[in-house]
Amino acid sequence: MRSPVQQPARRTFLQQSAALTGAFILGVQGSSALAAGNDAPEVTHWVVIQPDDTIIIRIARSELGQGSFTGLAQLVAEELACDWSKVRPEYADVNEHMRRKKIWKDMSTGGSRGIRDSNEYVRKGGAAAREMLIAAAAQKWNVPTSECRAEKSVVTHYPSARRASYGELAPLASTMPVPEDPKLKDPKEWKIAGTSPARFDIPAKVNGSQLYAVDVRLPGMLHASVLQSPVFGGFLKRVDDSKAKSMPGVKKIVTTEDWVAVVASNWWQANQAVKALSVEWENGSKGNVSSETIMTKLRADIAAPSAPVARKDGDFATALASAHKVIEAEYTTGFVNHATMEPQNATALFTSEKLEVWVGTQNGESSIAAAAEASGLPLEKVHIHKMHAGGAFGRRGPHQDFTKQAVKIAMAMPGTPVKLMRSREEDMRQGRYRPVSLVKLRGSLDRNGQWTGWRSEEHTSELQSR
């Protein structure tokens, strides 16, 4: 927890940067070409090199607190043979990713899978850039590439001792053919990958300057709070918003078939007005679901003759029939909420020309698809600005209900940026829970107390999602 001394510093930072935050995010979180400027060429789609030798490494996965922003940059930097102190990571632009036929491959992030699933091809992105820089130096000096070596952001021609920095070579290197299968380093040679440098995201998180989606501030921005059916699958039957409409700061009330939102000057006003709504819900097909009905179904499914068998070794029925003693036990787990530290939120700005969304997401592709679906706009008109997420645990992956809601609210107020943030209570109620499970174990023992067989039957509920 941040100390009282630190809190005002963070608030002051956010207040002073309120008018500039939008531009700041667009520069840092958007495409590398925009952030680096027109004089910073893209060597490969993973690597942009500025004239001052700053290395911008694009990150397609998401930083959720697990270190992907640093770890993936290490893999690219290792193969690039660059000066680590010059490296600056930034998110690959989601809109550009779609325009270039998913050039950064998979944008989905779940724990360490961001590194495990992409380490080889991101390394090749760095290795290809290294070979292109060497080829540029060899062409510049009219020497064989075999006589050149790249190390710490410098290419050296050893016979003549000529040297050129990556910043000098990048414009020419960017015109070179991209090697299809560049040679990767032997892990024994690694100097950056496999080490533990200071993480890029830690200083800003410690001093309070890190901007999450919940910190986005745009000029003229309004705030929204939402209320949804407390029963999954339920929908809005009727709402009396007469009291909420007259409350301070309220600008608009947006209703759909399964949720209602209040837009106001600030979030506190929006949330107070939401609480003042008189809402009647139709619970739908899941209105009678309870913990008891779920467990009854799980027990029935386990006992069903048609229950699938994942693995069978030996003959448990025979062992059970001849057992001296049978031990039985039943184990259950309840629904588990992902309970992210940062409640689900997104900021959207809708115009007739394009849609922009600022969101902390585990999957940029899921976010842009959800925004396009909700708005009806083609993907090329949808721009996702990825933010670091304040916790995720799976909640900010395929389930992009909060993104869709933010877009729908913004569409009701074209030209006005609106930030939707769920209250903590609403966020807990509307979780995409890890499922209830039931496991039944039976074991057979002989007279000496030795196991002769055991059987495990298990089932999980599929009622945890809408």
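Structure report, in brief. (Residues numbered from 1 in each chain as written. Predicted model: local features only at pLDDT ≥ 70, side-chain atom pairs only at ≥ 80, totals over all residues. Heavy atoms only, no water.)

**A word on the packing of aromatic side chains**
Evaluation of the coordinates by the stated rule reveals five aromatic pairs. Ring geometry for Trp 46 and Tyr 121: centres 6.1 Å apart, planes at 35°, overall tilted. Placement of Trp 46 in the loop between strand 1 (42–44) and strand 2 (47–49) and of Tyr 121 in helix 7 (residues 119–141) is noted, with a sequence separation of 75 residues between them. Plain terms: the ring middles of Phe 335 and Tyr 433 are 6.0 Å apart, the flat faces sit at 45° to each other, and that makes the pair tilted. Placement of Phe 335 in the loop between strand 13 (325–333) and strand 14 (345–350) and of Tyr 433 in the loop between helix 16 (424–429) and strand 18 (437–445) is noted, with a sequence separation of 98 residues between them. A connected cluster of aromatic rings, assembled from ring pairs, spans Phe 232, Phe 335 and Tyr 433. One Lys or Arg, Arg 432, reaches over the ring of Phe 232 and ends 5.6 Å from the middle of that ring. (Phe/Tyr/Trp six-rings, centres within 6.5 Å; stacked < 30°, edge-to-face > 60°. Helix = DSSP H or I, 4+ residues; strand = E, 2+ residues; numbered from the N terminus. Lys NZ or Arg CZ within 6 Å of the ring centre and 35° of its normal.)

**Digging into the side chain of Ser 153**
Inspection of the secondary structure puts Ser 153 in the loop between strand 5 (148–151) and strand 6 (154–157). The exposure class of Ser 153 is buried, given its relative accessible area of 4%. For Ser 153, the side chain forms a polar contact with the main-chain nitrogen of Asp 83, separated by 2.8 Å. In contact with Ser 153, other than residues within four places in its own chain, are Ile 55, Ala 81, Cys 82, Asp 83, Ala 164, Ser 165 and Tyr 166. (Buried < 20%, exposed > 50% of the residue type's maximum accessible area, 1.4 Å probe, protein only. Polar contact = N/O pair within 3.5 Å; in protein donor to acceptor, adjacent residues only side chain to side chain. Contact = heavy atoms within 4.5 Å.)

**Focus: the packing of helix 14 (residues 364–375) against helix 15 (residues 401–411)**
Packing of helix 14 against helix 15 brings their axes to within 9 Å, and their N-to-C directions diverge by 40°. Here helix 14 runs over helix 15; the crossing is right-handed. In contact with Ser 367, Ala 370, Ala 371, Glu 373, Ala 374 and Ser 375 of helix 14, helix 15 contributes Thr 403, Lys 404, Val 407, Lys 408 and Met 411. (Axes fitted to C-alpha atoms, helices over the stretch in contact; angles between N-to-C directions. Left-handed = near helix turned anticlockwise from the far one by under 90°.)

**Thoughts on a nonpolar patch on the surface**
A cluster of nonpolar side chains, namely Ile 327, Trp 451 and Trp 454, defines an oily patch on the protein surface of about 410 Å² accessible area. Position of Trp 454 among the secondary structure elements: in strand 19 (residues 451–460). (Patch = residues over 30% accessible without salt bridge, like charges linked within 9 Å, V, L, I, M, F, W, Y side chains within 5 Å. Areas by Shrake-Rupley, 256 points an atom, 1.4 Å probe, with all protein chains shown as cover. Salt bridge = Lys/Arg side-chain N within 4 Å of Asp/Glu carboxyl O.)

**A look at helix 11 (residues 267–275)**
All of the buried residues along helix 11 are Ala 270, Asn 271, Ala 273 and Val 274. Summarising the axial view, the buried residues of helix 11 lie within an arc of 160°, below the 170-degree limit, and thus occupy one face. For helix 11, exposure combined with an orientation more than 90 degrees from the buried face picks out Trp 268 and Lys 275. Buried residues along helix 11 sit against strand 8 (222–228), helix 10 (242–245), strand 10 (250–255) and strand 11 (259–264). Two or three places before Trp 268, at the start of helix 11, stands the capping residue Asn 266, its side-chain oxygen 3.2 Å from that residue's backbone nitrogen. (Arc of directions from axis to C-beta.)

**Let's talk about the packing of helix 7 against helix 8 (residues 166–173)**
The contact between helix 7 and helix 8 brings their axes to 8 Å, and the two run at 90°. In terms of orientation, helix 7 lies roughly perpendicular with respect to helix 8. Residues Arg 130, Met 132, Leu 133, Ala 136, Ala 137, Gln 139 and Lys 140 of helix 7 pack against Tyr 166, Glu 168, Leu 169, Ala 170, Leu 172 and Ala 173 of helix 8. The class makeup of the residues in the contact of helix 7 with helix 8 is nine nonpolar, one polar and three charged. (Parallel < 35°, antiparallel > 145°, perpendicular 65-115°, else oblique. Nonpolar A, V, L, I, M, F, W, Y, C, P; charged D, E, K, R; others polar.)

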